[in-house]
Amino acid sequence: MTVKPRERRAHKKSRRGCGNCKLRRVKCGEETPACKQCKAFGVDCTYDGKVTGLRFAGESTFSLADPVAEIPKPRHDASHDGYRTSWTPPKPRYADQLQVALGVMNRHAGLESETRDLDAYRIGLADLEMLQKFRDRTVMTVGTKQSSLVYQKEIFQLAHTYDFLKHIVLTLTSLHDQYLHGIRKIDVSTAQHWVKGTQLFQSALRSKIPEESKDALWATAALLGAIQFASFEASCPQEAWPLKAYEASDLDWLKMSDGKKAVYRIADPTRPESAFSKLKIDHSWLYRAVDYSHAPSIALSRDYVDIFGLGPSSTGENNPYHSAAMAQARCLNIVCTPETLIEFLSFLGNVNPELFKLIDRKEPKALLLIACWYAKVFKYQWWIQRRGLIEGRALCIYLESAARQDARMERLLRWPRREFGLPVKDDEGAVPTGIWTPCASAGSILCVV
């Protein structure tokens, strides 16, 4: 019996399809402003023929749905640096922990995930090699020496059991590979793992959560944080926030701490049976604000105190800058290393809803806090290096106008500008050289008294 070869069904080719569909060799629906194929795959849809590579949407992370939705817009007041900061913090909205966790999921992987194929993923040879790289190399770059041992053993094994963790591990390791080879564009395979891992993670949070899966959920949340920082494609400050045109995903990296808070409540890595409980790491920064107002080791310069209103009556309840400014000051005389990274992440945990709103509106003092934080951490972690350097420079450039109007701002910006390799003028107008020290000038953030 002769079997006739299957004839290929004739189909109409898309002549006006988007660049990404042509690159992936799939039929484009030609919808505008974004086709269905690109929305489903998680890439930015473009009909610009000059674009030669996939532009991943970069939104496969999780963040609380508008954590500042209930906060009124600050009123303009020229007598107080342009903003009046009297406010009442909103009450926490944690009626249902699972519902909160679902609210943190990203935009592009959320709506259609229930209709997609969530079957078990079969590891190929390339994936196996990448998992080996994670265990032998990448795992050493995302935490302390102690946590690296946990990731090498328990979490590595969990990645073989839970597909959502497996895809996220593959995503981070692939991004690390691209970083080591100087590649900025996220490739198709990495984008697929990121989208798939986020979909599966969302599905797991929607379902009844077994005790044995909680460590995998927490590890996924932690790795997603590093992924969001590492997924950065800008090549110069003009292409980066806050200089570039607004995009909804601009502050996704900052929203990550809210997403982690929700997953923390569900997974509870401090429970005795958790592999993370052996590390004795204080994760309290994730779920409650830390008040450093009585820390005896912090001696702040007059500029820093004045510009953020850190007087005797300042607290986290009446000053939106207070908690983050004090958390940052506590770290300014500490070198960022894998062992001290948790101290620097406390800054993100202390960005309260109103401060987030001010950052989103590009209020100068709020942006100054971010610039100083980037200046401390960007050199020491590969997954934050590119974003920290380029966005840090973009922040300093954006703040030049405010610095010309406020001498305190100008003096406080000198240190981050030096760290980012930008020219700095001293009080006499000359550009100084050498390494900055905390007490080098009256405008320093820290000052020994």
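Located above this text is the structure these notes cover.
Just so it is clear, the structure is predicted and the values come from calculations on it, not from any experiment.

In terms of regular secondary structure, the chain is built from 17 helices and zero strands. Residue burial in the chain is summarised as follows: out of 449 residues, 52% are buried. In the chain, of all internal contacts separated by at least 6 residues, the share reaching a separation of at least 24 is 72%. Carbon and sulfur atoms make up 53% of the accessible area of the chain, which totals about 22,200 Å².

Counting 100 residues, the largest nonpolar core has Leu165, Ile359 and Trp373 as its most contacted members. Counting the residues that make up this core, at least three belong to each of domain 2 (109–286) and domain 3 (297–420). Judged by nonpolar contacts, the second largest core, of six residues, contains Cys21, Cys28, Cys35 and Cys45.

A few words now on unusual backbone geometry. With an omega dihedral of 5 degrees, the bond running from Thr32 to Pro33 counts as a cis peptide bond. Cis geometry marks the peptide bond from Trp241 to Pro242; its omega dihedral reads 5 degrees. Not every positive phi belongs to a glycine, and Glu30 is a case in point at roughly 65 degrees. Turning to its location among the elements, Glu30 is positioned in the loop between helix 1 (19–24) and helix 2 (36–41).

Let us now look at helix 8 (residues 214–230). Two residues of an α-helix separated by three or four positions point the same way, owing to the 3.6 residues in each turn. The terminal C-alpha atoms of helix 8, which comprises 17 residues, lie 25 Å apart, in line with the 24 Å expected from a rise of 1.5 Å per residue. The buried fraction of helix 8 is high, at 16 of 17 residues.

Right, let's talk about the packing of aromatic side chains for a bit. Within the structure shown, the criterion is met by 14 aromatic pairs. Their ring planes at 40 degrees and their centres at 6.0 Å tell us that Phe164 and Phe201 sit as a pair that is tilted. Taken together, the residues span a long stretch of sequence, with Phe164 in helix 6 (residues 163–180) and Phe201 in helix 7 (residues 188–206) at a distance of 37 residues. We note that Phe164, like Phe201, is buried. On the basis of an interplanar angle of 40 degrees and a centroid distance of 5.5 Å, the ring pair of Tyr179 and Trp382 is categorised as tilted. Taken together, the residues span a long stretch of sequence, with Tyr179 in helix 6 and Trp382 in helix 15 (residues 382–398) at a distance of 203 residues. The class of Trp382 is buried, set by a relative accessible area of 10%. Among the aromatic residues, those joined into a cluster by ring pairs are Phe229, Trp253, Phe347, Trp373, Tyr374 and Trp383. We note Arg135 situated over the ring of Phe156; from NZ or CZ to the ring centre the distance is 4.7 Å.

Time to look at the environment of Phe344. Among the structural elements, Phe344 can be located in helix 12 (residues 341–349). Given a relative accessible area of 1%, Phe344 falls into the buried group. On a C-alpha basis, the gap between Phe344 and Gln328 in space is 7.3 Å, while along the polypeptide they are 16 residues apart. With residues up to four places along the chain from it excluded, the contact list for Phe344 reads Cys331, Ile334, Val335, Cys336, Trp373, Lys376 and Val377.

Between the first and last C-alpha of helix 9 (residues 252–267) there are 22 Å, a value that for 16 residues agrees with the 22 Å anticipated at 1.5 Å per step. Judged by how many residues are buried, helix 9 sits mostly within the fold: 15 of 16 residues are covered. Where helix 9 ends, the next residue or the one after it, Asp268, has phi of about 45 degrees, a positive value.

Bringing the packing of helix 7 against helix 8 into the picture now. Packing of helix 7 against helix 8 leaves a shortest axis separation of 12 Å and a crossing angle of 145 degrees. In the packing of helix 7 onto helix 8, the handedness of the crossing is left-handed. Contact residues: Trp194, Thr198, Phe201, Ala204 and Leu205 in helix 7; Leu217, Thr220, Ala221, Leu224, Ile227 and Gln228 in helix 8. Here the contact of helix 7 with helix 8 is composed, by residue class, of eight nonpolar, three polar and no charged.

This part takes up the environment of Thr220. The topology assignment puts Thr220 in helix 8. For Thr220, a relative accessible area of 0% gives the class buried. It is 9.8 Å that separates the C-alpha atoms of Thr220 and Lys260, two residues lying 40 residues apart in sequence. Contacts of Thr220, omitting those with residues within four sequence positions, involve Phe164, Leu165, Ile168 and Phe201.

Conventions we followed
Residues numbered from 1 in each chain as written. Predicted model: local features only at pLDDT ≥ 70, side-chain atom pairs only at ≥ 80, totals over all residues. Heavy atoms only, no water. Helix = DSSP H or I, 4+ residues; strand = E, 2+ residues; numbered from the N terminus. Buried < 20%, exposed > 50% of the residue type's maximum accessible area, 1.4 Å probe, protein only. Contact = heavy atoms within 4.5 Å. Areas by Shrake-Rupley, 256 points an atom, 1.4 Å probe, with all protein chains shown as cover. Core = buried A, V, L, I, M, F, W, Y, C linked by side-chain atoms within 4.5 Å. Domains from an automatic or database assignment. Expected span 1.5 Å × (residues − 1). Phe/Tyr/Trp six-rings, centres within 6.5 Å; stacked < 30°, edge-to-face > 60°. Lys NZ or Arg CZ within 6 Å of the ring centre and 35° of its normal. Axes fitted to C-alpha atoms, helices over the stretch in contact; angles between N-to-C directions. Left-handed = near helix turned anticlockwise from the far one by under 90°. Nonpolar A, V, L, I, M, F, W, Y, C, P; charged D, E, K, R; others polar.

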